[in-house]
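# Coordinates in review
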Amino acid sequence: MGNTRTKPWGYRHGTRNKFAKKYRTHGMPAFAKYNAVFKKGDYVDIVVDPSIQKGMPYGFYHGRTGVIFNVNKNAVGVEVNKVVGNHQLKKRIHVRVEHVRKSRCNEDFLKRIKENDEKKREAKAKGERISTKRVPEGPKPEKIVEVNEDEMVVLAPLPFIENYF
């Protein structure tokens, strides 16, 4: 007589906590989720909403960031990197918009581009050339600490005394 139970390795195995909604966020998604505008090349985070079972990505992609390569009526195509062994594969999946949110991963980069463009514009008006490259912070400048000899206390270990009884 063999094993009568089914194999516990289905499409959603091991996702009890991963796909569970957070405290006080149960129910259907808000209208803003559907109203977001996605364009090709946008960075998006794949975050599964378990209240919508249609268009749900496989559990591996939950929490991953990818780039949109296609936009449909109800879904978006997302290209995600997946490391398999020593290969980095580009996986293309279509995910419904309920399971996707705009990523903030390149906000600092875009902000820095705007600031650099502004700096270049100002420098060009002055007739100067500037470098907008990021330079790592160097070592701290040297300091000389002056101490009065009467305030100075020398810390030294106590002399070792052999105690033979």
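Residues numbered from 1 in each chain as written. Predicted model: local features only at pLDDT ≥ 70, side-chain atom pairs only at ≥ 80, totals over all residues. Heavy atoms only, no water.

Attention shifts here to the overall build of the protein chain. In terms of helices and strands, the protein chain carries 2 helices and 5 strands. Overall, the protein chain shows an N-to-C arrangement of helices and strands of α-β-β-β-β-β-α. Relative to its length of 165 residues, the protein chain is extended, with a C-alpha radius of gyration of 30 Å against a globular reference of 15 Å. Dimensions of the protein chain, computed from C-alpha atoms along their principal axes, come out at roughly 80 × 80 × 40 Å. Put simply, the protein chain has 165 residues, and 20% of those count as buried. Look at the contacts in the protein chain between residues 6 or more apart in sequence, and 54% of them connect residues 24 or more apart. Here the protein chain displays about 14800 Å² of accessible surface, and carbon together with sulfur accounts for 53% of that area. (Helix = DSSP H or I, 4+ residues; strand = E, 2+ residues; numbered from the N terminus. Rg over C-alpha atoms; globule rule 2.2 N^0.38 Å. Buried < 20%, exposed > 50% of the residue type's maximum accessible area, 1.4 Å probe, protein only. Contact = heavy atoms within 4.5 Å. Areas by Shrake-Rupley, 256 points an atom, 1.4 Å probe, with all protein chains shown as cover.)

A few words on the pairing of strand β3 (residues 75-84). Examined bridge by bridge, strand β2 (residues 65-71) and β3 share 4 bridges and lie antiparallel to one another. Each bridged residue has a counterpart across the sheet, and for Asn70 the counterpart in β3 is Gly77. Hairpin connection between β2 and β3: a loop of 3 residues separates the two successive antiparallel strands. With 10 bridges connecting them, β3 and strand β4 (residues 87-96) associate as antiparallel partners. (Pairing = 2+ DSSP bridges.)

Given two aromatic rings, their pairing is described by the distance between the two centres and the angle made by the two planes. All chains considered together, the criterion is met by 2 aromatic pairs. Arranged with centres 5.1 Å apart and planes meeting at 55 degrees, the rings of Tyr11 and Tyr58 form a pair that is tilted. A residue pair is termed long-range when its members are at least 10 positions apart, and Tyr11 in the segment before α1 (31-35) and Tyr58 in the loop between β1 (43-46) and β2 qualify at 47 residues. Residue classification places Tyr58 among the partly exposed residues on the basis of a relative accessible area of 31%. Relative to Tyr61, the ring of Phe60 has its centre 5.1 Å away and its plane inclined at 85 degrees; by these criteria the two rings are edge-to-face. Note on Phe60: relative accessible area 22%, which makes it partly exposed. For Tyr61, a relative accessible area of 6% puts it in the buried group. The ring centre of Phe60 lies 4.0 Å from the NZ or CZ of Arg64, which sits over that ring. Positioned above the aromatic ring of Phe60 is the side chain of Lys82, whose terminal nitrogen or guanidinium carbon lies 4.6 Å from the ring centre. (Phe/Tyr/Trp six-rings, centres within 6.5 Å; stacked < 30°, edge-to-face > 60°. Lys NZ or Arg CZ within 6 Å of the ring centre and 35° of its normal.)

Right, let's talk about the nonpolar core for a bit. With 12 residues, the main nonpolar core is built from Phe38, Val44, Ile46, Tyr61, Ile68, Val76, Val78, Val80, Ile93, Val95, Val97 and Val100. For this core, the secondary-structure elements that each account for two or more residues are β1, β3 and β4. Of the residues forming this core, the biggest block, 3 residues, is contributed by β3. The residues touching Val95, leaving out its near neighbours within four places in the chain, are Gly55, Pro57, Ala75, Val76 and Val100. (Core = buried A, V, L, I, M, F, W, Y, C linked by side-chain atoms within 4.5 Å.)

Structurally, Glu98 can be placed in the loop between β4 and β5 (100-102). The class for Glu98 is buried, based on a relative accessible area of 2%. Polar side-chain contacts of Glu98 include one of 3.1 Å to the side chain of Tyr34. Discounting chain neighbours no more than four positions away, the residues touching Glu98 are Pro29, Lys33, Tyr34, Val47, Asp49 and Ile52. (Polar contact = N/O pair within 3.5 Å; in protein donor to acceptor, adjacent residues only side chain to side chain.)

Bridging between β1 and β2 involves 3 bridges; their strand directions are antiparallel. Across the sheet, Asp45 pairs through a bridge with Thr65, a residue of β2.

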